[in-house]
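# Structural characterization, general
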Amino acid sequence: MQEIIVKMGDLELTTKPGVILIAPSLGSCVGLAVYDQKSRIAGMVHIVLPDSNVKHNLNTEEKIGKYADIAIPALLGKMLSLGSKRENLIIKIAGGAQMFNLKGDSSIMNIGAKNIEAVENAVKGMNLVVNNADTGGNTGRTLKLNAFNGNFYLKVIGQQEIEF
Amino acid sequence: MKENVQEILQKANNLQYNFHIAIKVSKLLDDDNASINDLSKLIEADQALTVKLLKHCNSAEYGFSKRVTTVKDAIARIGFKILKTMIFTIVSKSSFNQEIKGYGLEKGDLWRNSISCAVYSRYLAKLIDYNDPDQAFTAGLLRDIGKLILHEYVRKEYDEIERLVNKENITFSEAEEKIIGLNHCQLGALVADKWNFPQILIDTIKYHHNPEKAEQDECEDMDLLRIVHFADYLTVMLGYGIGKDSMLQEIDMDCVESLGPPLCNENMESLISDIVNLNPEIEHLISNLE
Ligand SMILES: [Fe+2]
């Protein structure tokens, strides 16, 4: 088994059956994993922020998986262009947590919730649905996808890994 | 409860960490009359430290075309300020780079988390023109030092602490204090004081989860504390080596925003975007110290 760590802002797509995609330590970030059951293509993004418009001039070296509005169309669009059919795609998301207690009214504090919303909207925008989600709350998570069998796994920090 | 605290302090007393050398170096650096000779003598007395220091100076990060072969040479090339953060970083690794069970941290987690907090702190310090970004690095690096000792007690009492967090809607550190008798911030500060850390570091350790308390206690460098408080939050939200307690803390954004316009509400998402771009630097630092 080859593990590919999908770091913040990374986008990974694989057709290799021996690969496990892993988005580790998701705090306010949201990991999205997608699997095509027919053609066995697996994809994952590790999204940090909801909207690329926060940057007036987007750095050309900016990672493609960083912002939900760019990352989701990029990943799902790529799968569709590789011949995936919408009805064969399974999509699962995890992350978008926030700090327990918040003082003040800065917009930064609900960044997790904004990420979740942006990801869900972007998936909807591609005429697809999220099949399963473990999001919000005050806990870190790790999301995994086995490209061989399309099994998804979720690990909440301090707990056992579960199939998801 | 009191007995518990006595026992913990006793335990802390018996622990041998190698921070003393870092403290000595940093005290010497703060002394205007210190010479490169004095410093190199002090460092060379610790062979393991010397080897690691030279190795780090010769890493690609500094890009010296000629190999650094002596401590004297190293100091002359990197300068006093970087020397200080480098020594603290090197000596912290052996303590921080281990499994910290009570907080659900696997080996490497707390180390990664601390390095991230250090790098983010230095970045924020530069952003707001704080006068000593390297000091911010060290303060960010060491803020969770109390966890090194408290984790065993947290492990025993974890269910109780978690129950109290949920029942009373208080933060993890508040629950730690109620159940164990003191939290990782208070214990860290006591230990840091015992080991003769400079006051400024004792304060950032003590108040990094509640800067507002520091204001009441008239802590001398509030800006540094605010920087570390916010860097701690960013480290957690961006998920670097976080533990079971990490998100069960509190963030005081009013306090953070008082650092000035670069940290105002409108700039936050853009700031996070920039902060994420520091991640390769964190990876470098971690692999250079392997
Ligand atoms: Fe802490």
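Let's shift gears to the pattern of salt bridges. Residues and elements named next belong to chain B. Within the structure shown, the criterion is met by 19 salt bridges over all chains. Where Arg226 meets Glu215, a salt bridge forms, and the shortest distance between an N and an O atom there is 3.8 Å. Of this pair, Arg226 sits in helix α14 (residues 222-237) while Glu215 is found in helix α13 (residues 211-216), placing the two residues 11 residues apart along the sequence. By relative accessible area, which is 13% here, Arg226 ends up buried. Residues joined by salt bridges that share partners form a network here, namely Arg143, Asp144, Lys147, Asp232 and Asp245.

Quick look at the sheet that holds strand β10 (residues 152-156) of chain A now. Consider a sheet: its strands pair through backbone hydrogen bonds, and that pairing is either parallel or antiparallel. Residue and element names in this part refer to chain A. Within the open sheet, the 5 strands sit side by side as β1-β3-β9-β10-β11. Their pairing is mixed. Bordering the open sheet on either side are β1 (2-5) and β11 (161-163), each of which pairs with just one other strand. With strand direction ignored, the average angle separating the axes of adjacent strands in the sheet is 25°. The sheet contact formed by strand β9 (residues 141-146) and β10 spans 5 bridges and is antiparallel. Counterpart to Leu143 in the pairing with β10 is Leu154.

Right, let's get into the environment of Asn279(B). With respect to the element layout, Asn279(B) can be found in helix α17 (residues 279-288). Residues Asn279(B) and Arg226(B), spaced 53 residues apart in sequence, show a C-alpha to C-alpha distance of 21 Å.

In this section: the coordination of the iron ion. Angles at a metal have ideal values that depend on geometry: 109.5 degrees with four tetrahedral donors, 90 or 180 degrees with six octahedral donors. Residue and element names in this part refer to chain B. Of the protein atoms, only Asp144 (OD), His184 (NE2), His208 (NE2) and His209 (NE2) coordinate the iron ion, at distances of 2.1 to 2.2 Å. Because the angles between the 4 donor atoms bound to the iron ion fall within 87 to 176°, the donor set is best described as irregular. In terms of primary sequence, the donors binding the iron ion are separated according to D-x39-H-x23-H-H. A residue pair is termed long-range when its members are at least 10 positions apart, and His184 in helix α11 (residues 184-194) and His208 in the loop between α12 (199-207) and α13 qualify at 24 residues. Each member of the pair, His184 as well as His208, is classed as buried.

Conventions used here
- Residues numbered from 1 in each chain as written.
- Chains lettered and ligands numbered in written order.
- Predicted model: local features only at pLDDT ≥ 70, side-chain atom pairs only at ≥ 80, totals over all residues.
- Heavy atoms only, no water.
- Salt bridge = Lys/Arg side-chain N within 4 Å of Asp/Glu carboxyl O.
- Helix = DSSP H or I, 4+ residues; strand = E, 2+ residues; numbered from the N terminus.
- Buried < 20%, exposed > 50% of the residue type's maximum accessible area, 1.4 Å probe, protein only.
- Pairing = 2+ DSSP bridges.
- Axes fitted to C-alpha atoms, helices over the stretch in contact; angles between N-to-C directions.
- Donors = N, O, S within 2.8 Å, 3.2 Å for Na, K, Ca; no water.
- Tetrahedral: all angles 85-135°; square planar, octahedral: opposite > 155°, others 65-115°.

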